[in-house]
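# Geometric and topological summary
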Amino acid sequence: MMICKPKRIHPIGVILTFIKRLKDLVLPAIFILFVGSEGMIKTILTIGFIVLIFALLVGSFFSWMKFTYRIEEGEIRIEYGIFVKKKRYIPIERIQNINESAGIIQRLFKLVKVEIETAGGGMEAEVGLAAIRREDADLIREVVALHKKGNSIQENDEQQVVENTSFRMRVKDLIITGSTSSGVGVVLSAGFALVSQLDDIIPLEEIFSHIHIPEDTSMTIYLLLGIGILIIAWILSMVGVLIKYAFFTVKKVDDDLIITSGLLEKRQSIIPKNRIQAIRVSENVIRQFFGYATVYIESAGGNLENPTSSTMLFPVVKKKLIPQLLSEFTPEFTWQNNFNKLPKRSMRRYLFRAVMPWIIIAIPLCIFFQPWGYFSLLLILLGSLNGYFSYKDAGWSIVDNQLVMRFRKISKTTVFMHKKRMQLIEYRTSFFQKRAKLQTISTTIKAGIAGSRYLLKDVEEEDVRKIEEWYRVEK
């Protein structure tokens, strides 16, 4: 099977390209409507803006006309350019991942968006096909898969695909994912940012000046108002998570993991086995309390939209089920429960790092904002608890060619890394660590654009030597 004849994307790609370019005109439009001068100048600006929109529409049409793609001689060949014709030839061997997504417009026309990532990454996907038929997307993936397997690709070849196992999130799991996510802070930040921007357009101060608030309003009313805002933010955060991860499914087909999710925009990612650099298990405080965790795949590649190339394998799953799921979907990574703990003399260093910033904040609050400032002492208590549990949870383990590191900032994180996937391992010692015979371990894997780095602080010197010897031994 080949795509030798140059093909265009679906004509709806004209609209998609136009909408994408139109986003850059939002600020000029706001300037003309709300900030621009009156009279002739504003009329000229408005006419110029309309002409610019028309030019963008015409340009989007000719961009669609001039853009073609095909697969020929082991390469994906792209030709584009209105005034200057450009060609881009991408060897199939360089392709790391093929992602699919379908927004509202694509789904109305039964189309998909395909993004092709290559080795070495970059600020965006190497190839982006905004709207093509599902059959064409499947054909591209099939040709790439057959080519990489070294099979001859001919017109009547058939690929036998065996689905080994699959996982689908239940509605119950989706609700748990949304209700225990940390998106409340994001919603509140976005809300405050929106209000600050609207203040320049809508006279909020004048509006609120007409709202009468009784002087004898108690703190209880303000407290209830704050709780109400938090509940609304929590509900919006949960709705956002439900929309994003609706119909979340993981399938293992041959050596690939196919991850599909999304309600309004259906996204599909295919992660080949050889791209997986590490497995990361994250447990925030709420999920850990109820025995749940989130499992991520750290994979090679990445672009501006996903610079870390960290993909959710299981958004929320019972922790006791993770060993079985890893053995089914990523058998090369082995779950580990037995960890080498940090020495007791490391605990005071963890406590000091966790408590000192809050002491610096609490002292002036207690002095200048009495008596409410004394509540800031609770932050010192919370910092102490976080420091203690960060020390208690930290540890490491080696099983054959796998290094497992566990640590905590706020969420508890466990990272599984293979020796052959580790790009770098470093050891460093500060002046105070040297006196206590402790060291910090730093590991780096090739994930995303810049790689991912993990730290385990205040490890026993003797244990560091064991890890160093394990890493240096030839496979």
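Here, every reference points to the structure presented above.
The sections below set out a description of the structure shown in this document. (Residues numbered from 1 in each chain as written. Predicted model: local features only at pLDDT ≥ 70, side-chain atom pairs only at ≥ 80, totals over all residues. Heavy atoms only, no water.)

## Considering the pattern of salt bridges
Side chains carrying opposite charge are able to pair once their charged atoms draw close together. Tallied over the entire structure, the rule returns 21 salt bridges. Among the salt bridges present, the one from Glu 100 reaches Arg 134, with a minimum N-O distance of 2.4 Å. Placement of the pair is Glu 100 in strand E5 (residues 95–102) and Arg 134 in helix H5 (residues 134–148), with a sequence separation of 34 residues. In this structure, Glu 298 and Arg 280 form a salt bridge, with 2.7 Å as the shortest nitrogen-oxygen distance. One end of the pair, Glu 298, is in strand E13 (residues 292–299); the other, Arg 280, is in strand E12 (residues 276–283), and 18 residues separate them in sequence. For Arg 280, a relative accessible area of 17% translates into the label buried. (Salt bridge = Lys/Arg side-chain N within 4 Å of Asp/Glu carboxyl O. Helix = DSSP H or I, 4+ residues; strand = E, 2+ residues; numbered from the N terminus. Buried < 20%, exposed > 50% of the residue type's maximum accessible area, 1.4 Å probe, protein only.)

## A short note on the sheet that holds strand E17 (residues 402–408)
A sheet is described by the order of its strands in space; here seven strands give the open sequence E14-E13-E12-E18-E17-E16-E15, paired in antiparallel fashion. Each of the sheet's edge strands pairs with one partner strand only, and the pair in question is strand E14 (310–318) and strand E15 (340–341). In this sheet, E13 lies alongside E12 in antiparallel orientation, the contact comprising six bridges. Across the sheet, Ile 279 pairs through a bridge with Ile 297, a residue of E13. Where helix H6 (residues 171–179) meets the sheet, its contacts fall on E13 and E14, and the angle it forms with E14 comes to roughly 110°. Where helix H13 (residues 377–393) meets the sheet, it contacts E15, strand E16 (395–399), E17 and strand E18 (412–418), and its direction lies at approximately 170° from that of E17. (Pairing = 2+ DSSP bridges. Contact = heavy atoms within 4.5 Å. Axes fitted to C-alpha atoms, helices over the stretch in contact; angles between N-to-C directions.)

## Observations concerning the packing of aromatic side chains
Counted according to the given criterion, the structure contains 13 aromatic pairs. Ring geometry for Phe 431 and Phe 432: centres 5.3 Å apart, planes at 80°, overall edge-to-face. One aromatic cluster is present, built from ring pairs that chain together Phe 61, Phe 62 and Trp 64. In this structure, Arg 280 packs its charged tip against the face of Tyr 296, placed 4.1 Å from the ring centre. Geometry around Trp 470 places Lys 419 over its ring, the cationic atom sitting 5.1 Å from the centre. (Phe/Tyr/Trp six-rings, centres within 6.5 Å; stacked < 30°, edge-to-face > 60°. Lys NZ or Arg CZ within 6 Å of the ring centre and 35° of its normal.)

Distances and angles like these do not, on their own, reveal function.
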